[in-house]
Each structure stands twice: as structure tokens, then as C-alpha cells.
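# A look at the structure
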Amino acid sequence: MSPYQDEQDGVSAGGKWMQFRSVDKMSGAKKVRFELVANNYFREDPDFKPRVELYCEDGKLKFSEFNPGVRLPPPNRPGFWGQPQLEVEVRIDDFHTYHGWNWGPRGRFLSMDKGTVRGAMGAQVFNVALPTRNGREIAEFSPAGLNMDQVRSACDVTPKKPSKD
């Protein structure tokens, strides 16, 4: 079931991914949201699993976010333009890297970069480690099985293996 008003109930997008569709009542824009829920909980809230959400509108990726389901600690670094960021460690299969993700409104989620999204789409393992009020925790995802044709048509995004350059 979708938690959003006027959004259709989710359908499988392959693997553990779900797809939700809606239409903006004012602009008529076709919106699609893809959601991947983590395999585990964080200690602070055992009723909510972390999740990754991709938001697409009229065939283009608009933004993507990581929602840990817990209150985030204060930002620990400034972004290029001075916006608050939280540094996270990302594992995509056997590739590890650090990213500064922008803080979302009220510190409830982090905006993910497109490169991480593309890497996670084609991965078997996708983990995000971040500081929480209970110490460092890791959200573990199983992104394998995503129907790439569905994502390509809804968001115009394709998977790409991460590289060290």
C-alpha cells in the first residue's frame, strides 16, 4: 500500500523493488517512485526499515533519497556550495567509497547522488553505513532483480558499475 494520497498501490519492479505511480493533478505530470527497503532495522526504530527511493517525473529521474528511518546526527561536512552534508560509506558489491550526501528537510533523509543510484541498480549488494545517535549503523540492501526496462522507461536511468576514477 502506498503511504501517499493519490498514488497507486505498489507493484513489483523485480527483486525487492516496488514501483508506485501517480499523476500530478495540476500539471498532469506522470510520476513514478521506485522503492527498495533494507533487509535490516536500525536499533533506534525496529518498526521502520531504511529505504532508498527514486522519484521520476515525465520519464526523467528528478531526485533520489536515502531514508534511514531514524533521526540523523548533525551534518559533518559542508558541500561544494556550502549546503549541509553527512558523510556516508557506501558499498556496491566489492566497491567501497565515501560520499557527502545533502541533508534533506528537517534532517529526515539524505539526497543520494546519481552515480550511487546507478551503481546500486545493477548490484547484488548495496550497503550504506552512517553515524546515528546509537553509533555507526549499516543499512543492508539486496537490490538484485530490478527490471531495468521499467526504470529506463520511467526514469531514463541505466545501471553503471562504479569505478575508482
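This report concerns the structure included in the present document. This one's a predicted model, so the numbers in the text were calculated from it and none came from an experiment.

Here we take up the overall build of the protein. In terms of helices and strands, the protein carries two helices and eleven strands. In sequence order, the protein lays out its α and β elements as β-β-β-β-β-β-β-β-β-α-β-β-α. Here the protein has a C-alpha radius of gyration of 16 Å; the compact-globule value for 165 residues is 15 Å, and the two agree. Each of the three principal axes of the protein carries a C-alpha extent, and together these read 40 × 35 × 30 Å. A burial count over the protein gives 42% of its 165 residues as buried. The long-range share in the protein, meaning contacts at least 24 apart out of those at least 6 apart in sequence, stands at 47%. Working note: accessible area of the protein is about 9,200 Å², and carbon and sulfur atoms make up 50% of it. Across the protein, the 24 positively charged side chains and the 22 negatively charged ones have centroids separated by 2 Å.

This part takes up the nonpolar core. Counting 34 residues, the largest nonpolar core has Phe-34, Phe-66, Phe-126 and Phe-141 as its most contacted members. Of all the secondary-structure elements, those providing two or more residues to this core are β3 (30-37), β4 (51-57), β7 (84-92), α1 (114-121), β10 (126-132), β11 (135-141) and α2 (148-155). Counting residues per element, this core draws most heavily on β7, at four residues. The residues contacting Phe-66, other than those within four sequence positions of it, are Pro-50, Arg-51, Val-52, Trp-101, Phe-109, Leu-110, Met-112, Val-128, Leu-130, Ala-139 and Phe-141.

With that out of the way, let us pick up α2. Every α-helix carries 3.6 residues per turn, so stepping three or four residues along brings you back to the same face. By the burial criterion, the buried members of α2 are Val-151, Ala-154 and Cys-155. Seen from one end, α2 has its buried residues packed into an arc of 75°, which puts them on one side. Residues Asp-149 and Ser-153 are exposed on α2 and point more than 90 degrees away from its buried face. Looking at the buried side of α2, the elements it contacts are β3, β4, β5 (60-67) and α1. With a side-chain oxygen lying 3.0 Å from the backbone nitrogen of Asp-149, the N-terminal cap of α2 falls on Asn-147. Following α2 by one or two positions, Asp-156 has its phi on the positive side, about 55°.

Attention now moves to the state of the cysteines. Enumeration according to the criterion identifies one disulfide in this entry. Each disulfide pairs two cysteine sulfurs, and for Cys-56 the partner residue is Cys-155, the sulfurs being separated by 1.7 Å. Residues Cys-56 and Cys-155 are joined by a disulfide whose S-S torsion is about 85°; by sign, that bridge is right-handed. Taken together, the residues span a long stretch of sequence, with Cys-56 in strand β4 and Cys-155 in helix α2 at a distance of 99 residues. By the burial criterion, Cys-56 is buried, and Cys-155 matches it.

Cut-offs applied
Residues numbered from 1 in each chain as written. Predicted model: local features only at pLDDT ≥ 70, side-chain atom pairs only at ≥ 80, totals over all residues. Heavy atoms only, no water. Helix = DSSP H or I, 4+ residues; strand = E, 2+ residues; numbered from the N terminus. Rg over C-alpha atoms; globule rule 2.2 N^0.38 Å. Buried < 20%, exposed > 50% of the residue type's maximum accessible area, 1.4 Å probe, protein only. Contact = heavy atoms within 4.5 Å. Areas by Shrake-Rupley, 256 points an atom, 1.4 Å probe, with all protein chains shown as cover. Lys, Arg positive; Asp, Glu negative; His and termini not counted. Charge placed at Lys NZ, Arg CZ, Asp CG, Glu CD. Core = buried A, V, L, I, M, F, W, Y, C linked by side-chain atoms within 4.5 Å. Arc of directions from axis to C-beta. Polar contact = N/O pair within 3.5 Å; in protein donor to acceptor, adjacent residues only side chain to side chain. Disulfide = S-S within 2.5 Å.

Note that all results are geometric; they support no functional claim without further evidence.
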